[in-house]
Amino acid sequence: MINKHVKTHTDVVCPFCGSLCDDLEVDVVNDEVVEVRNACKIGTQIYFSSNSDNSDRYTSPMIRKDGELHPATWEEALEKAATLLANAKRPLLYGWSSTEAEAIQLGVELAEITGGILDNCSSICHGPSIMAMQDAGIPKSTLGDYKNRADLVIFWGCNPVHAHPRHLGRYSEFIRGYFRKDGLNDRFMVVIDPRTTHTAQLADLHIKVNPSEDYELFSALRTVLKGIELEEEYVSGIPREQIEQLVEVMKSCNYGVIYYGLGLTHSLSHHRNVENAICLTRELNDHTKFLIQPMRGHYNVAGSNIVFSWNTGYPLAIDFSRGYPRYNPGEYSVVPALLRDEIDVTIVVASDPVLNFPAAAVENMLKHPLISVEPHETPTSALADVVLPVKICGVEAEGTAYRMDNVPIRLRKVKDGPNGLLTDREIMKRLINAIKQKKNL
Amino acid sequence: MSLENLVLITGQQIDQGVALEAGKTKQKYVQAAGVCKFDKEDFRKLGCLIGTPVKVSTEYGEVVVYSILSEEAPHPGIIFIPAGPWANQLVNPDSQGMGTPTYKGMKAKVEVVENGKVLGTIALLKKYKK
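Residues numbered from 1 in each chain as written. Chains lettered and ligands numbered in written order. Predicted model: local features only at pLDDT ≥ 70, side-chain atom pairs only at ≥ 80, totals over all residues. Heavy atoms only, no water.

### Some remarks on the overall build of chain A
(1) Moving on: Secondary structure summary: chain A contains 17 helices and 21 strands in total.
(2) Moving on: For 441 residues, the compact-globule estimate of 2.2 N^0.38 gives 22 Å, and the C-alpha radius of gyration of chain A, at 23 Å, lies within 12% of that figure.
(3) Moving on: When its C-alpha atoms are laid out on the principal axes, chain A stretches across 70 × 65 × 35 Å.
(4) Moving on: Of all 441 residues assigned to chain A, the portion counted as buried reaches 63%.
(5) Moving on: Carbon together with sulfur atoms contributes 47% to the accessible area of chain A, which is approximately 16,200 Å² in total.
(6) Moving on: For chain A, the distance from the average position of its 45 positive side-chain charges to the average position of its 57 negative side-chain charges is 5 Å. (Helix = DSSP H or I, 4+ residues; strand = E, 2+ residues; numbered from the N terminus. Rg over C-alpha atoms; globule rule 2.2 N^0.38 Å. Buried < 20%, exposed > 50% of the residue type's maximum accessible area, 1.4 Å probe, protein only. Areas by Shrake-Rupley, 256 points an atom, 1.4 Å probe, with all protein chains shown as cover. Lys, Arg positive; Asp, Glu negative; His and termini not counted. Charge placed at Lys NZ, Arg CZ, Asp CG, Glu CD.)

### What about the pattern of salt bridges?
Residue and element names in this part refer to chain A.
(1) Moving on: What the rule picks out here adds up to 34 salt bridges over all chains.
(2) Moving on: Linking E100 and R425 is a salt bridge whose minimum nitrogen-to-oxygen distance equals 3.0 Å. Placement of E100 in the loop between β6 (91-95) and α3 (101-114) and of R425 in helix α17 (residues 424-438) is noted, with a sequence separation of 325 residues between them.
(3) Moving on: The partner of R272 in a salt bridge is D135, and the shortest N-O contact between them spans 3.4 Å. With R272 in helix α11 (residues 271-284) and D135 in helix α4 (residues 127-136), the pair connects residues that are 137 residues apart, well separated along the chain. (Salt bridge = Lys/Arg side-chain N within 4 Å of Asp/Glu carboxyl O.)

### Points about the side chain of T44(A)
Residue and element names in this part refer to chain A.
(1) Moving on: Position of T44 among the secondary structure elements: in helix α1 (residues 41-49).
(2) Moving on: Side-chain polar atoms of T44 contact the backbone oxygen of C40, separated by 2.7 Å.
(3) Moving on: Setting aside residues up to four positions removed in sequence, T44 forms contacts with V36 and A39. (Polar contact = N/O pair within 3.5 Å; in protein donor to acceptor, adjacent residues only side chain to side chain. Contact = heavy atoms within 4.5 Å.)

### Details of the packing of helix α2 (residues 74-87) of chain A against α17(A)
All names here are of chain A.
(1) Moving on: At a closest axis distance of 9 Å, the pairing of α2 and α17 adopts a crossing angle of 60 degrees. By the criterion of interaxial angle, the relationship of α2 to α17 is oblique. The two elements α2 and α17 meet at a crossing, and its hand is right-handed. Contact residues: α2 offers W74, L78, E79, A81, A82, T83, L85 and A86, while α17 offers I427, R430, L431, A434, I435 and K438. (Axes fitted to C-alpha atoms, helices over the stretch in contact; angles between N-to-C directions. Parallel < 35°, antiparallel > 145°, perpendicular 65-115°, else oblique. Left-handed = near helix turned anticlockwise from the far one by under 90°.)

### Here's the deal with the state of the cysteines
(1) Moving on: One pass over the full model with this rule turns up 0 disulfides over all chains.
(2) Moving on: Looking at the unpaired C253(A), the closest cysteine sulfur is the one in C158(A), lying at 17 Å.
(3) Moving on: Taking relative accessible area as the criterion, C253(A) reaches 8% and is therefore assigned buried.
(4) Moving on: The cysteine C36(B) is free of any disulfide, with C48(B) supplying the nearest cysteine sulfur at 10 Å.
(5) Moving on: Among the residues examined, C36(B) registers a relative accessible area of 0% and is labelled buried. (Disulfide = S-S within 2.5 Å.)

### Describing α3(A)
All names here are of chain A.
(1) Moving on: Over its 14 residues, α3 runs 20 Å from end to end, which matches the ideal 20 Å to within 8%, given 1.5 Å per residue.
(2) Moving on: With respect to burial, α3 is a largely interior element, 10 of its 14 residues being buried.
(3) Moving on: The complete set of buried residues in α3 reads A101, A103, I104, L106, G107, V108, L110, A111, I113 and T114.
(4) Moving on: Following α3 by one or two positions, G115 adopts a phi angle in the positive range, close to 65 degrees. (Expected span 1.5 Å × (residues − 1).)

### What about helix α9 (residues 240-252) of chain A?
(1) Moving on: With 13 residues, α9(A) should cover 18 Å at 1.5 Å per step; its first-to-last C-alpha distance of 19 Å lies within 8% of that length.
(2) Moving on: Among the residues making up α9(A), those that are buried are R240(A), Q242(A), I243(A), L246(A), V247(A), V249(A) and M250(A).

### With respect to the sheet that holds strand β10 (residues 205-207) of chain A
Residue and element names in this part refer to chain A.
(1) Moving on: Here 5 strands make up an open sheet; going across it, the order is β10-β9-β8-β13-β14 and the pairing parallel. Sheet topology places β10 and β14 (289-294) at the edges, where each strand pairs with a single neighbour. Within the sheet, the average angular offset between the axes of one strand and its neighbour, ignoring direction, is 15 degrees.
(2) Moving on: Examined bridge by bridge, strand β9 (residues 188-192) and β10 share 3 bridges and lie parallel to one another. Across the sheet, residue I192 finds its bridge partner in β10, namely I207.
(3) Moving on: Most of the contacts of α9 go to β10, to which it runs at about 130 degrees, and overall it touches β8 (152-156), β9, β10 and β14. (Pairing = 2+ DSSP bridges.)

In structure tokens form, the structure reads like this:
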């Protein structure tokens, strides 16, 4: 029988990864999600985790007293957070990749009035990509363009089957495109990865590069592309013949795309890997059409770079201690700043650095007061001194997010969520007002 | 038994992603992220049963995780730990001056430990909260 109480939301945008799938259908009964269609495993879990049977969800603000977190009123919790931030000498404002652009914009203002370091999650993922783009530019397009035109798809140091589960089906490999009517049969798929990843198991050609030796392989490909014969039998564990074969594959396609992931940015050469990849892509355009696309992780990490950029001129690692924004990754990046132990208060918005940072950085962060703006219990909120619980963006609140190819998409609201919780945006506004009063700004 | 001169790679896995969204402090998350994935041949040399806790150590730290066989093998000489607090005990925090820590490519050693215990998320991290 048809349940008249079911409200079906269509064209819902998934707030998980940078693919920002916008075709979800979510059924809601009495403000509880009962069914999610079209999403991947992870996206489905996000919607079900917002339900009231999830014991990890915070229902009121929390303040740490005598070593334990205790429920508090919004006035108490915001006052405590504002006092900590207003009195801090070197505050850190970190996160921003899993919230909406409007909240990020207010976060920039909060950093300006507190004179803090402002950084986002790209600092520990695709920050090197941004630095490489600043050095070398980047030839790229949108996911729709790749879908309709690409006949050569290269995944380098990324594993979309795990990290972007619907990417292959929606944009890159299996999907039929305007000029690729037969989907995957019209495309050649290459995976370059040290492991035979689940993505590599689907590939037409898997090139098993040695770990941390991608830079050498890019250089070898560029050498062969220039018509120079390689002297070495093997480069990065790959035989010379296979490198020459890959160059032929690249030159002979009509439209090629390199999708690359953290395999390039997290290994020793960091941004130099990406810069070499961009140079290879640029040089391939002497022969055919070739583009390159970073596989961004969190759903709005591209948006945090964009919003920071149009507010301050810089995409990440920004220091406001002199009252104006300065940019120097490596110095103002979050992990090096924590390793120098110069941060005295941290506010984390929509992120979980205690889970994601190297142990030495976590140790220094937890020496000092920590404020967490977060809907669920996470290691960061569980070890924080003030917890400000929020409505989940993309589920219980609207907002703007930027897909990995920098296309802005409006997030939908499918339910109201628990009573008495604020959105990220409202919390930022209230903190800004409270700190302005304290500092007479 | 022990294995030396392995290369440690960390990264995202779908079951770990689902467990992240379901609750990072729950046991399901430990089972998804507190594991070390081995190539079959490497694991044979270790001489233990699948699921036995092993101690993984690098220059930067050590941690006890469950051992399992990798579905994304063969990758002899490489071990994989999903991104998470267990992996982060082992990664290189240094960024070579550019800001992003080196999460992949550390030299690692693995030992089977008698009565090894894999700590839960909060139990592993709360030692840092003074």
